[in-house]
Amino acid sequence: MAPRRAAVIFRKMHLNLKSLRKDMKKFIINGCGGRKKLKGEYVVSGSKNSGLPAIAMTLLFKEPVTLKNIPEIEDVFRISEIVEKMGAEIDRKKNTFIINTKSLDNSKIDRELGETIRSSIILTGPVLARTGKVEFYFPGGCSIGKRPIDLFLTSFEKMGAKVGGRGDKIIIRSKDKNLRGAELILPVQSVTATETLMMAAVLAKGKTVIKNAAMEPEIEYLANYLKMVGAEIEGAGSPTITIKGRNGKLLEKNIPPYVNMADRIEAGSIAILAALNASDLLIRHFVKDHLEIFLDIFDRIGVKYTFPRKNVLRIKSQNVKKFKAVNIKTHEHPGFPTDLQSQMGVLLTQADGESRIFETIFESRLSYLNGLAQMGARIEMWNIHQAAIFGPRQLTGTRLLAPDLRAGFAYIIAGVTARGQTIIDNSYVIRRGYENILQKLQEIGVDIEEKYEAFF
Ligand code: EPU
């Protein structure tokens, strides 16, 4: 065999082995079983879903950009590696990334890396807008349902690009030197498509209007920073965003650091864990404005909490006889976030009566309910989008496989709430989105450890 080919095969085998080893890790949790034990302070990390577009955003700059409070998690490392492979330089010290894209010299999103994370698609807009070309393969990511990219492709076409490809490869070329501003109507509200197109439009020629844009806080946060450094963006956080393009001129000069927002999904996940298991827990960087509907659902269930200081949530041992059943319907922001649906599902197993869940965004985000049923929850699955939970039921530890990041965290909450021991296989999938989660949970009193399977 030719040495080059052998090297490629060896590298692939090594990568597979590495990812297999990661998958062979498991969390082992000894549950509180009804005792309210968790206490102390939990500090929420920087947001995954705003850290990722922030890294892509650095491609719009001529000069280095400093990003702070970026979580040290797998998804962030993967997108950083992709950007490095394109020629950018990253100087990283813990949560601070200094990214210099000056010597970016190619437009290819690495296949292996791109296929490990869905968010690699965010890079397409900035790369195309900056270099006039982008080559990539269909992105990968969590298995939570269909993750099409049609909105990206049709919008790039409207901005004057030609979409083509060979085999699995997608190649997009800008017909003129720069993308053209356009009216982009998104038939479905998509967070990543909104961010990607907004960033592409910053460098396009002329005005772009994005209609039916997603309104998640991460989008407004990104837009606010871009505006601070000279981009002309109006309406981010509303359904219509208007961007005046810079005709290819990169952003430069007087670039203050980008300080990443706190992770609202981590904050909500820990609040649910605390509602079920805390004696007295403070959650720092819990931004109330980002979690209004979540707190409204807490009120309806009867979870008691206070804000002793701005952005600090305190949850003490619940002095309520019974939590009340509620119905949850996921919806784009400002509706109830799909990323907190499975964690809330665990809380509802402890609520009195029938709660209904309607997951409207993704098709495979209710499968975790099978795991909760194995732990003793009473569940009726109606279809892939709807289910009913009848509570309260005592949960008992068992062995489960984390299906995806958020459902995996839901199993942690269930394991901590349960009686006995819960083993969660595929712990890696949880770690890839929650920074330093093992230590942070241990510090507030969760009895959790991570182990390799012995035979590997
Ligand atoms: N959609 C299309 N066509 C497209 C793109 C999306 O039909 O071209 C549809 C999807 O199939 C889905 C809906 O639009 O039904 C919304 O998906 P969206 O594009 O908004 O999801 P995303 O941008 O890929 C982000 C978050 C997800 C989060 C969703 C919804 C990031 C990096 N990811 O994904 O986060 O669930 O928005 O809020 O921001 C997570 O953190 O665990 C996670 C999955």
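Residues numbered from 1 in each chain as written. Predicted model: local features only at pLDDT ≥ 70, side-chain atom pairs only at ≥ 80, totals over all residues. Heavy atoms only, no water.

Undergrad: Describe the site of the ligand, listing the residues and the values that go with them.
TA: Around the ligand there are 23 residues in total, and Ser190, Val191, Thr192, Asp339 and Arg406 lie nearest to it. In this structure, an oxygen atom belonging to the ligand sits 3.4 Å away from a side-chain N or O atom of Arg365. In isolation the ligand exposes 830 Å². Once the protein is present, 91% of that is buried. Among the detected pockets, the ligand sits in the largest pocket. (Near = heavy atom within 4 Å. Polar contact = N/O pair within 3.5 Å; in protein donor to acceptor, adjacent residues only side chain to side chain. Areas by Shrake-Rupley, 256 points an atom, 1.4 Å probe, with all protein chains shown as cover. 1 Å grid on protein atoms, 1.4 Å probe; cavity = no way out; pocket = protein on both sides within 12 Å on 5 of 7 lines; lining within 4 Å. Sits in = over half its atoms within 2 Å of the grid points.)

Undergrad: For helix H2 (residues 48-57), give the residues involved together with the corresponding values.
TA: H2 sits mainly inside the fold: 9 of its 10 residues count as buried. Every buried residue belonging to H2 is among Lys48, Ser50, Gly51, Leu52, Pro53, Ala54, Ile55, Ala56 and Met57, and all of these are buried. By the N-cap criterion, in which a side-chain oxygen at the helix start approaches the backbone nitrogen of a residue two or three places on, H2 is capped by Ser47, the distance to Asn49 being 3.2 Å. (Buried < 20%, exposed > 50% of the residue type's maximum accessible area, 1.4 Å probe, protein only. Helix = DSSP H or I, 4+ residues; strand = E, 2+ residues; numbered from the N terminus.)

Undergrad: So what about the nonpolar core? Which residues, and what values?
TA: Formed by 72 residues in total, the largest nonpolar core has its most connected members in Leu67, Met198, Leu226 and Ile233. Counting residues per element, this core draws most heavily on helix H7 (residues 191-203), which supplies 8 residues. Setting aside anything within four residues of it in sequence, one finds Met198 in contact with Ile210, Ile219, Leu222, Ala223, Ile233, Ala236, Ile241 and Ile243. (Core = buried A, V, L, I, M, F, W, Y, C linked by side-chain atoms within 4.5 Å. Contact = heavy atoms within 4.5 Å.)

Undergrad: So, the pairing of strand S21 (residues 386-391): which residues are in play, and what are the values?
TA: The element S21 is largely enclosed, with a buried count of 5 among its 6 residues. Sheet topology places strand S19 (residues 351-358) next to S21; 6 bridges connect them, and they run antiparallel. Note that in S21 the partner of Arg356 across the bridge is Ala388. Alignment of strand S20 (residues 378-381) against S21, held across 4 bridges, turns out to be antiparallel. Bridged to Arg378 within S21 is Phe390. (Pairing = 2+ DSSP bridges.)

Undergrad: I'd like a rundown of the packing of H2 against helix H8 (residues 217-228), residues and numbers included.
TA: At a minimum axis separation of 9 Å, H2 and H8 run at an interaxial angle of 35 degrees. Crossing of H2 over H8 shows right-handed handedness. When H2 is examined against H8, the residues Asn49, Ser50, Pro53, Ala54 and Met57 are found in contact with a partner set consisting of Glu218, Leu222, Tyr225 and Leu226. Partitioned by chemical class, the residues of the contact of H2 with H8 number 6 nonpolar, 2 polar and 1 charged. (Axes fitted to C-alpha atoms, helices over the stretch in contact; angles between N-to-C directions. Left-handed = near helix turned anticlockwise from the far one by under 90°. Nonpolar A, V, L, I, M, F, W, Y, C, P; charged D, E, K, R; others polar.)

Undergrad: Outline a positive patch on the surface, supporting the account with residue identities and numerical values.
TA: On the surface, a cluster of positive charge is contributed by Lys162, Arg166, Arg173 and Lys175. Here Arg166 lies in strand S7 (residues 161-166). (Patch = residues over 30% accessible without salt bridge, like charges linked within 9 Å, V, L, I, M, F, W, Y side chains within 5 Å. Salt bridge = Lys/Arg side-chain N within 4 Å of Asp/Glu carboxyl O. Lys, Arg positive; Asp, Glu negative; His and termini not counted. Charge placed at Lys NZ, Arg CZ, Asp CG, Glu CD.)

Undergrad: Could you give me a rundown of the environment of Gln343, with the residues and numbers involved?
TA: Topologically, Gln343 is positioned in helix H11 (residues 341-348). For Gln343 and Ile412, which are 69 residues apart along the polypeptide, the C-alpha to C-alpha distance reads 9.0 Å. Filtering out sequence-adjacent residues up to four positions away, Gln343 remains in contact with Ile265, Ser269, Ile272, Arg406, Phe409, Ala410, Ile413 and Tyr434. Among the polar contacts made by the side chain of Gln343, one reaches the side chain of Ser269 at a distance of 3.2 Å.

Undergrad: Pulling in residues and values, what's your account of the pattern of salt bridges?
TA: The final tally for this structure, using the stated rule, is 29 salt bridges. Arg356 serves as the salt-bridge partner of Glu354, at 2.9 Å between the closest nitrogen and oxygen. Under the relative-accessibility criterion, Glu354 is labelled partly exposed at 34%. Overlapping salt bridges, with partners in common, bring together Lys62, Lys249, Glu252 and Lys253 in one network.

Undergrad: For the sheet that holds strand S16 (residues 312-316), give the residues involved together with the corresponding values.
TA: Taken in spatial order, the 4 strands line up as S2-S14-S16-S15 in an open sheet, and their pairing is mixed. Of all strands in the sheet, those with a lone pairing partner are strand S2 (38-43) and strand S15 (306-309), marking the two edges. The average angle at which neighbouring strand axes cross in this sheet is 20 degrees, direction not considered. Two elements, strand S14 (residues 278-284) and S16, share 5 bridges in a ladder whose sense is antiparallel. In the sheet register, Ile283 faces S16, and the bridge partner there is Leu313.

Undergrad: A description of the pairing of S15 should follow, citing residues and the corresponding values.
TA: Two strands pair when backbone bridges link them, and S15 and S16 are joined in this way by 2 bridges, in the antiparallel orientation. What sits directly across from Arg309, in S16, is Val312. Taking the residues between adjacent antiparallel strands as the criterion, S15 and S16 are bridged by 2 residues, where Asn311 takes a positive phi near 60 degrees.

Undergrad: Tell me what's going on with the domain arrangement of the protein chain, and back it up with residues and numbers.
TA: What the domain assignment reports for the protein chain is domain 1 (25-45 + 262-452) and domain 2 (48-259). Centre-to-centre, using C-alpha coordinates, domain 1 lies 31 Å away from domain 2. Listed by partner, the interface residues are 21 residues for domain 1 and 22 residues for domain 2. Carbon and sulfur atoms supply 50% of the area buried between domain 1 and domain 2, which totals about 1,900 Å² over both sides. Contact with domain 2 buries surface across domain 1, with His333, Arg432 and Glu435 losing the most and accounting together for 34% of the total. In this structure, the connection of domain 1 to domain 2 is made through 2 salt bridges. When the shortest N-O distance is used, the salt bridge between Asp75 and Arg432 registers 2.9 Å. Our count for the domain 1 to domain 2 interface comes out at 7 residue pairs in polar contact (both at pLDDT 80 or more). Of all the elements in the fold, those that place two or more residues in the side of domain 1 that touches domain 2 are helix H13 (405-417) and helix H14 (428-431). Considered class by class, the residues forming the side of domain 1 that touches domain 2 number 6 nonpolar, 4 polar and 11 charged. (Domains from an automatic or database assignment. Buried area = accessible area lost by both parts, 1.4 Å probe.)

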